[in-house]
Amino acid sequence: MSNLSLSSSDIPHPLALATNPPLLFQRNFGLLWWSQLISQIGDGVTKLALLWFVYAVTGSALQTTVIGILQTLPPIVLGPFIGVLIDRFPKKIILISTDLIRALLIGLIPCLVSHEAFTVEYLYVLVFCNAVATSLFAPALFATIPFIVRKSALTAANALLQSTMSLGVIFGPLLSGLGIALLNSQDVLCLNVLTYIGSALCLVCISIPEIPHKAAFPAATLKTSIRSYVKDFKEGVQFTFFRQPVIRLLILTAGLYSFVISAFHTLLPVLGRNMLKLGPVEVGYLTSGVGVGLFLASVFLAKVALGPPWQRIRLLVTTSLFTALALWGFTGISELPLSLLVVVLIGMGSGVLTPIEWGIIQEISPPQLIGRVLALYGTLAMLAAIGGMTTFGWVTEQFGEVWTLLGMGMVLLLTSYIAFKISRRVRNSNQEVKCLE
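Note that this is a predicted model, so its numbers are computed, not measured.

### Quick look at the overall build of the protein
Broken down by element type, the protein carries 16 helices and zero strands. Sequence separation of 24 or more characterises 86% of the internal contacts of the protein that already satisfy a separation of 6 or more. With the model as given, the accessible surface of the protein reaches about 18000 Å², and the carbon-plus-sulfur share is 69%.

### A closer look at the packing of helix 5 (residues 137–148) against helix 15 (residues 370–399)
Look at helix 5 against helix 15: their axes get within 9 Å of each other, and the N-to-C directions meet at 140°. Classified by the interaxial angle, the pair formed by helix 5 and helix 15 is oblique. You can see that helix 5 and helix 15 cross each other, and the crossing is right-handed. Facing helix 5, whose interface residues are Pro 139, Phe 142, Ala 143, Pro 146 and Phe 147, helix 15 presents Ile 370, Gly 371, Leu 374 and Ala 375. Of the residues in the contact of helix 5 with helix 15, the class split is eight nonpolar, one polar and no charged.

### A look at the packing of aromatic side chains
This model, assessed by the stated rule, comprises five aromatic pairs. Ring centres of Phe 259 and Phe 392 lie 5.4 Å apart, and the angle between their planes is 65°; on these two criteria the pair is classed as edge-to-face. Of this pair, Phe 259 sits in helix 10 (residues 245–275) while Phe 392 sits in helix 15, placing them 133 residues apart in sequence. The partly exposed category is assigned to Phe 259, whose relative accessible area is 21%. Look at Phe 392 and you get buried, because its relative accessible area is 5%. Between the aromatic rings of Trp 394 and Phe 399, the centroid separation amounts to 5.6 Å while the plane-to-plane angle is 80°, which identifies the pairing as edge-to-face. Given the relative accessible area of 45%, Trp 394 is considered partly exposed.

### Here we look at the side chain of Ser 423
Position of Ser 423 among the secondary structure elements: in helix 16 (residues 401–436). Polar contacts involving the side chain of Ser 423 include one to the main-chain carbonyl oxygen of Phe 420, which spans 2.8 Å. Setting aside chain neighbours within four positions, we find Ser 423 in contact with Trp 310, Ile 313 and Arg 314.

### Some details on the packing of helix 12 (residues 309–330) against helix 13 (residues 336–350)
The geometry of helix 12 relative to helix 13 is characterised by a closest axis approach of 8 Å and an angle of 155° between their N-to-C directions. Viewed along their axes, helix 12 and helix 13 adopt a mutual orientation that is roughly antiparallel. For helix 12 against helix 13, the interelement crossing comes out left-handed. Judged by residue contacts, Thr 319, Phe 322, Thr 323, Ala 326, Leu 327 and Phe 330 of helix 12 engage Ser 339, Val 342, Val 343, Leu 345, Ile 346, Gly 349 and Ser 350 from helix 13.

### Topic: a nonpolar patch on the surface
A grouping of Leu 62, Trp 394, Phe 399 and Trp 403 is seen on the molecular surface, where their side chains present a nonpolar patch of about 480 Å² in accessible area. Owing to a relative accessible area of 56%, Trp 403 belongs among the exposed residues under this scheme.

### Some words on helix 13
Its 15 residues place the ends of helix 13 21 Å apart at the C-alpha level, agreeing with the 21 Å of an ideal helix rising 1.5 Å per residue. Along helix 13, the positions that sit buried rather than exposed are Ser 339, Val 342, Val 343, Val 344, Ile 346, Gly 347, Gly 349 and Ser 350. Looking at the packing, one finds that the buried side of helix 13 touches helix 10, helix 11 (280–303), helix 12 and helix 14 (353–364).

### Details of the nonpolar core
In this structure, Phe 29, Val 149, Phe 264, Phe 330 and Met 408 are the most contacted members of the largest nonpolar core, which totals 122 residues. A total of 17 residues in this core trace back to one element, the largest contributor, which is helix 10. Every residue in contact with Phe 330, bar those within four places of it in the chain, is listed here: Leu 271, Met 275, Leu 276, Leu 286, Ser 339, Val 342, Val 343 and Leu 405.

### Regarding the state of the cysteines
Counting across every chain of the model gives zero disulfides. Free cysteine: Cys 202, not disulfide-bonded; nearest cysteine sulfur from Cys 205 at 7.1 Å.

### Looking at the pattern of salt bridges
Where charged atoms from two side chains of opposite charge come close, those side chains can pair. Taken as a whole, this structure holds five salt bridges when the rule is applied. A salt bridge links Asp 87 to Arg 372, with the nearest nitrogen and oxygen atoms 2.7 Å apart. Here the residue Asp 87 occupies a position in helix 2 (residues 61–88), and Arg 372 occupies one in helix 15, the gap between them amounting to 285 residues. Of the two residues, Asp 87 and Arg 372, neither departs from the other in class, the shared state being buried. We note a salt bridge from Arg 372 to Glu 235, for which the minimum N-O separation is 3.1 Å. You can see Arg 372 sitting in helix 15 and its partner Glu 235 sitting in helix 9 (residues 222–243), a full 137 residues away along the chain. Its relative accessible area of 8% is what places Arg 372 among the buried residues. With relative accessibility at 34%, the residue Glu 235 sits in the partly exposed group. Here the salt bridges do not stand alone but share partners, grouping Asp 87, Glu 235 and Arg 372 into one network.

### Concerning the environment of Ser 262
On the secondary structure map, Ser 262 appears in helix 10. A C-alpha to C-alpha distance of 8.0 Å links Ser 262 and Ile 386, two positions 124 residues apart in sequence. Beyond its immediate sequence surroundings of up to four residues, Ser 262 is in contact with Ala 385 and Met 389.

### Observations regarding the environment of Gln 63
In this fold, Gln 63 is placed in helix 2. Spatially, the C-alpha atom of Gln 63 lies 8.5 Å from that of Gly 393, the residues being 330 residues apart in sequence. With residues up to four places along the chain from it excluded, the contact list for Gln 63 reads Val 54, Thr 58 and Tyr 124.

### Digging into the side chain of Ser 339
Topologically, Ser 339 is positioned in helix 13. Not counting residues within four places of it along the chain, the set of residues in contact with Ser 339 comprises Leu 276, Leu 286, Phe 330 and Ile 333.

Parameters and conventions
Residues numbered from 1 in each chain as written. Predicted model: local features only at pLDDT ≥ 70, side-chain atom pairs only at ≥ 80, totals over all residues. Heavy atoms only, no water. Helix = DSSP H or I, 4+ residues; strand = E, 2+ residues; numbered from the N terminus. Contact = heavy atoms within 4.5 Å. Areas by Shrake-Rupley, 256 points an atom, 1.4 Å probe, with all protein chains shown as cover. Axes fitted to C-alpha atoms, helices over the stretch in contact; angles between N-to-C directions. Parallel < 35°, antiparallel > 145°, perpendicular 65-115°, else oblique. Left-handed = near helix turned anticlockwise from the far one by under 90°. Nonpolar A, V, L, I, M, F, W, Y, C, P; charged D, E, K, R; others polar. Phe/Tyr/Trp six-rings, centres within 6.5 Å; stacked < 30°, edge-to-face > 60°. Buried < 20%, exposed > 50% of the residue type's maximum accessible area, 1.4 Å probe, protein only. Polar contact = N/O pair within 3.5 Å; in protein donor to acceptor, adjacent residues only side chain to side chain. Patch = residues over 30% accessible without salt bridge, like charges linked within 9 Å, V, L, I, M, F, W, Y side chains within 5 Å. Salt bridge = Lys/Arg side-chain N within 4 Å of Asp/Glu carboxyl O. Expected span 1.5 Å × (residues − 1). Core = buried A, V, L, I, M, F, W, Y, C linked by side-chain atoms within 4.5 Å. Disulfide = S-S within 2.5 Å.

Printed below as a string of structure tokens:
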């Protein structure tokens, strides 16, 4: 019998709540949510300012995608170490440090550099350093959730955190577009330092019940320390790809989704500027439309009981197909209102996968391994994202925006088919387990 059962009764989690108030009214999760709301708005402001600056200076879609590539390279390169560090260091320290470093790199430093010296190459260096600092953040954030949220609420908690991302996508690009129109990209980055500092202040007040950690930096010879890290990394790989094959299958669907959606988000300013002839304010509206769709999907997942894991995976079948059709629909639209509606639909489709897959992974991963599992998941998804941004950036320059959108839709059709096969396999495996019981 294939080892695909998602039963996790034998996996201890450190949280057992006597009462279950709404998640946003629970002190730790509520503070985490507000921290992320502030931080995600800052990220939304930063992303459009960076992309607009590069494309305005270079006029190259491929060079614009370099921003996305530089943001994904560090998590890929550092992936083997990220999960081990998360499982060894207190997660609260990681989260606070990341916000403060982002405030320095993407906020304070641009303020101190003259407009003449703030070149595309200089910006690339800042983006890369910022990505190195933040490569720990996402896996640390979602590794924290099982420690402060009951197991039955994990998908809802992930959806609520995704809602902060969607709100950041809604308001961040809008504020960024207005700021670019009134000031310039560099000044927008300078003002944005306040959002990261505000996020760090919220995180200071959070209490995270950590499990006992190994020494972050073992007091031993360098050779012994390296062996210790390699051993922990292998333990994470073994669990992720051999002891729980369903995680391996979820990583496959996440990779295909990231291949398309990351490229779409990165190229959206280019699509808006070239296909719809939009300026920075209108592109801000269009990018915010993705956030509206993400927010609607997040509210749906936070409010609706989705049933057993195979049913949740089956929902990915529908949303992948739905998103593919929306991408194809974007090719035939020339007016801003209709394109905004289609972008909202694309955002809704892309907002379903992550909370569902994170929830399943958090349910079945032991607390002492959660950082390594999520880091591996994120690393492989990032690897797919960088491939998608490079591929579709090249396709856009060589063949145009229409062929890019058609290709993205085809990849999502493949994702829908694979998700359907996974859901059937998981359902059949769980039925076999029930018969044996």
